[in-house]
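Residues per chain are reported as follows:
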Amino acid sequence: MLVLTPISKDDLLKLLDPKAREVIRYFIKKSLFSQPEPLPEQISRAVQIPKEHIEQWFVQALDVKPIGAGSYPVDIYNEEEGWAADIKMLNAKLNDAGELTNSQSGEASLGQKFIGAGIDLDSLFANKQHEEIKDAWLGIFANKIALVKRERNSINDINYFFILRAGFNFYLVGCSVEETEVKNVTVKNATKESVFLDNFIDDRYGNAKIYKAKKRLELRLRPKNWVEDNLAVLIETDFNQNHIRLYDEKLDDKFLQEQFDRVNSLKINIL
């Protein structure tokens, strides 16, 4: 077994019942409405949504409780069903035709440490003590997960939910976490800056590394493979940014209502 295993699309869709989908559509419209308009000569800009907002999407959509604060290992939990989850948003790269590329996503931090092992990290890299680096950061990761289960006895399962931002569309994917499987993780290869891990996640779906500069365990996904293997829920919108020079416009209540109506009429499909 691996530390991270993809959650099936069927299981993700079970989470997103009709009310959850209604809530997600509501939040996406609010988020798109708040995006700054580019000038006519500017290219379209990527949608920016704060992590705290994404977390609240799930709190409201899944009718669960918020738990995370600062660097706590998870953000939400369902006491009755016995699970907790950390929520992350990653960027998925598109080509000029708007299709997912074979590129990796942006990175997600799974564990960071500036004291203890973090202080010694530079010297460990300098001495090529890659096994010690691996053991230290996997210990940090496993301890974070164990902390949640220890502090909340009702929690048996830990998950990661990832929103992959792909232009003006989004994908929801997820992983279940088995922290006891860190014993099977090995060093795949190493550079002067990173230690890459094997048996953490299937190579087809992503990779994990310990990054010296930021003193953290990082995860990157391969969005195209998740989609091709039917492991992703597509949240599709027909949003197009309004390229306009606002300085030349009369920004009265009528204009604001027109912009609101434009966004409110968006079609958002969850597939």
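This section reports on the structure supplied with the text. None of the values given here were measured: they were computed from a predicted structure.

**As for the packing of helix α2 (residues 18-33) against helix α7 (residues 253-264)**
- Their axes nearest at 9 Å, the elements α2 and α7 cross at an angle of 140°. Taken together, the axes of α2 and α7 are oblique relative to one another. Here α2 and α7 pass one another in a crossing that is right-handed. Counting all contacts with α2, which are made through Lys29, Leu32 and Phe33, the residues of α7 involved are Leu256, Gln259, Phe260, Val263 and Asn264.
- Here the contact of α2 with α7 is composed, by residue class, of five nonpolar, two polar and one charged.

**Here we look at the sheet that holds strand β8 (residues 186-190)**
- One open sheet holds the five strands; their spatial order is β5-β11-β10-β9-β8, and the pairing between them is antiparallel. The sheet is open, and its two borders are formed by β5 (107-112) and β8, each paired with just one other strand. The average undirected angle you get between the axes of adjacent strands in this sheet is 30°.
- Summarising the sheet, β8 and strand β9 (residues 194-198) pair through four bridges and their orientation is antiparallel. Bridge pairing in β9 places alanine 190 opposite valine 195.

**What about the nonpolar core?**
- Membership of the largest hydrophobic core comes to 48 residues, with the highest contact counts inside it found for Leu4, Phe141, Phe162 and Phe200.
- The dominant element in this core, judged by the number of residues it contributes, is helix α5 (residues 130-151), at eight residues.
- The residues touching phenylalanine 141, leaving out its near neighbours within four places in the chain, are Val3, Leu110, Tyr160, Val177, Val182, Phe200 and Leu217.
- Leu12, Val47, Phe161 and Leu172 belong to the second largest nonpolar core, which has 34 residues in total.

**Topic: the pattern of salt bridges**
- Inspection of the entire model under this criterion finds 23 salt bridges.
- Lysine 214 serves as the salt-bridge partner of glutamate 107, at 3.7 Å between the closest nitrogen and oxygen. Taken together, the positions of glutamate 107 in strand β5 and lysine 214 in the loop between β10 (206-211) and β11 (216-221) put the pair 107 residues apart, joining distant regions of the chain.
- According to the relative accessible area criterion, glutamate 107 is partly exposed, its value standing at 29%.
- Salt bridges linked by common partners bring Glu107, Lys214, Arg216, Glu218 and Arg220 together as one network.

Analysis parameters
Residues numbered from 1 in each chain as written. Predicted model: local features only at pLDDT ≥ 70, side-chain atom pairs only at ≥ 80, totals over all residues. Heavy atoms only, no water. Axes fitted to C-alpha atoms, helices over the stretch in contact; angles between N-to-C directions. Helix = DSSP H or I, 4+ residues; strand = E, 2+ residues; numbered from the N terminus. Parallel < 35°, antiparallel > 145°, perpendicular 65-115°, else oblique. Left-handed = near helix turned anticlockwise from the far one by under 90°. Contact = heavy atoms within 4.5 Å. Nonpolar A, V, L, I, M, F, W, Y, C, P; charged D, E, K, R; others polar. Pairing = 2+ DSSP bridges. Core = buried A, V, L, I, M, F, W, Y, C linked by side-chain atoms within 4.5 Å. Buried < 20%, exposed > 50% of the residue type's maximum accessible area, 1.4 Å probe, protein only. Salt bridge = Lys/Arg side-chain N within 4 Å of Asp/Glu carboxyl O.

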